[in-house]
Structure formats: structure tokens, C-alpha cells
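Given next are the chains, with one letter for each unit.
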Amino acid sequence: SLLGIEFQPTPSYTIKLESYYKHLEDLIIQQDSSANFIPDNSGLGFAFGGELFLQKRELPNQRLSGWLSYSYGVTKEKGVEPYYYYREFDQRHTLSIVGRYNLFRRWFLDIQYSYGSGFPWTAPERDETNDLVFDDEGEIVFEEKSSSRYPSYERLDLRLSIQKQLFKKYEAEAYLELINAGNHKNIYEYYWSDDYATRFTSYMLPLLPFFGARISF
């Protein structure tokens, strides 16, 4: 089910509010080990949440335009375990801000900011001395499924551009762009040594500068 409302308080602004709930059936779960994957679509689940969207349109004689979106969501499933646990891509909070500002004449500053709370993962259980816990068969014991969270994701991109007309016929643009301008260390995933004694971390893109140009024929 989906419930939403949209209104336009001024010609420049649009506001949308939406909420949803969805019952999930026939989800594919893994009944065997990862080495012997046996597909099974007996899983159940649910998802609910809401979103706020605010847009400022680009209008003549106005320098600022852009949009903001915030969403809250929960999604769980049951299949591998007898209880409901968070799904792999369950993300509680997400925030996106996109804006463009006309500095002067044909110079523009574009900003894009993204935030997301951490995705779930399942950690190996450790005792009070921080040693791994093993069951009676010598297998590693894990905590409750999807009970741990990765750190939040955060990224700011900046772009400075100038637009010109070449030979009164072609539109040209040159730009300088900074990807992840804050150099935030976003974690892609954790991975482990074969004995789970050592945890490693894989990161996403660091600060990256770009320069480019394009011509529209």
C-alpha cells in the first residue's frame, strides 16, 4: 500500500510526502551453506517507510535550484532463521541534496551530498577476551543474523563549470569536479582471513579531482 500527497506552495517549490507498506512473499533464501547453494523461495518479509521530497525549480532570474530528499525505511525477512532479521540492503536513513547556484553570468557551482546509515552485517561471536567462539563441532558461532551495522556513508561532490558559445553555434562547457570532496572513508565491506582471526576493510572512492570539457553539436 502507498499513500502520498503533493503540493506546490509557490511556483518555485514542490513538496511531496509519501509512506508505504509492503508484504513480501516467495523470497529466495539459502537453506544450505554458501558452498552448496540451494535456492528456496519460501521466505517471508515486509517493508515500510516514508519519504519527504522538496524541489526548487530552475526559473528565469533565479540563481538557485535543486532538490532535497529524505527517506526512512525498514525491511525484514524470515527464512534462514526462525525470526525476522534485517534484509541485506536495509538502510534506516538516507538523505540526498542536489543544488546548482549561478555564481555570475555563465559560471555555475553544483553540489551533491549523499548520506546513508549503515547496512546490516553478521559478525562472528567473541568472548570476554575477544577470542572467537566455537560450537561443539568446531564451527565458528555468529551473532544474531544482521545484528551489526556498517558505519554510515557520506559523500560530497563539488563541481565548478563555465558555459560558453563557440562560433555562435556550439554550446561548450569546461568544468572542475571534486568527487568525495571531504575525503570521507566510506566502507564498502569487511572481509576476513580464512580462520576469521583477522578482519580487513575495503573502502570506496577517496577524494578524486577531475577536469573535463564537452561541446554540444
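The model shown is predicted, which means the values in this text are computed figures rather than measured ones.

### Focus on the environment of Phe119
Along the chain, the position of Phe119 falls in the loop between strand E7 (107–116) and strand E8 (120–121). Exposure remark for Phe119: the relative accessible area of 31% places this residue in the partly exposed category. Apart from residues no more than four positions distant in its own chain, Phe119 is found in contact with Glu88, Phe89, Asp90, Gln91, Ser148, Arg149 and Tyr150.

### Digging into the environment of Gly212
Within the element layout of this structure, Gly212 appears in strand E14 (residues 208–216). Under the relative-accessibility criterion, Gly212 is labelled buried at 10%. It is 31 Å that separates the C-alpha atoms of Gly212 and Tyr70, two residues lying 142 residues apart in sequence. Apart from the residues lying within four places of it in its own chain, the contact partners of Gly212 are Glu173, Ala174 and Tyr175.

### A few points about the pattern of salt bridges
According to the stated counting rule, one finds 9 salt bridges in the structure shown. Residue Asp90 pairs with Arg92 through a salt bridge whose shortest N-O separation is 3.1 Å. The two residues Asp90 and Arg92 agree in class, both being buried. As a salt-bridge pair, Arg214 and Glu173 come within 2.8 Å of each other at their nearest N and O atoms. One end of the pair, Arg214, is in strand E14; the other, Glu173, is in strand E11 (residues 170–179), and 41 residues separate them in sequence. We classify Arg214 as exposed; its relative accessible area is 53%. In this structure, a network of salt bridges that share partners links the residues Arg159, Glu173, Glu177 and Arg214.

### Structural notes on unusual backbone geometry
Working note: non-glycine residues mostly have negative phi, and peptide bonds are mostly trans. Phi at Asn61 is positive, roughly 65°, even though this residue is not glycine. Take Asn61: its relative accessible area is 82%, and that puts it in the exposed class. Within the chain, Asn130 stands out as a residue other than glycine whose phi angle is a positive 70°. As for its placement among the helices and strands, Asn130 is situated in the loop between E8 and strand E9 (148–149). By relative accessible area, which is 52% here, Asn130 ends up exposed.

Quick notes on the rules
All chains use their own residue numbering, which begins from 1 and follows the written sequence. Given that this is a predicted model, residues contribute local features only at a pLDDT of at least 70 and side-chain atom pairs are listed and counted only at 80 or more, while totals for whole chains, interfaces and linings are drawn from all residues. Hydrogens are left out, water is left out, and the side-chain values use all remaining heavy atoms of the structure. Each helix is a run of DSSP H or I of at least 4 residues and each strand a run of E of at least 2, with the numbering of both proceeding from the N terminus. Classification of residues uses two cut-offs on accessible area relative to the type maximum, computed with a 1.4 Å probe and protein chains only: under 20% is buried, over 50% is exposed, and between them is partly exposed. Note on contacts: a residue pair is in contact if any heavy atoms of the two residues lie within 4.5 Å. The term salt bridge refers to a side-chain nitrogen of Lys or Arg lying within 4 Å of a carboxyl oxygen of Asp or Glu.

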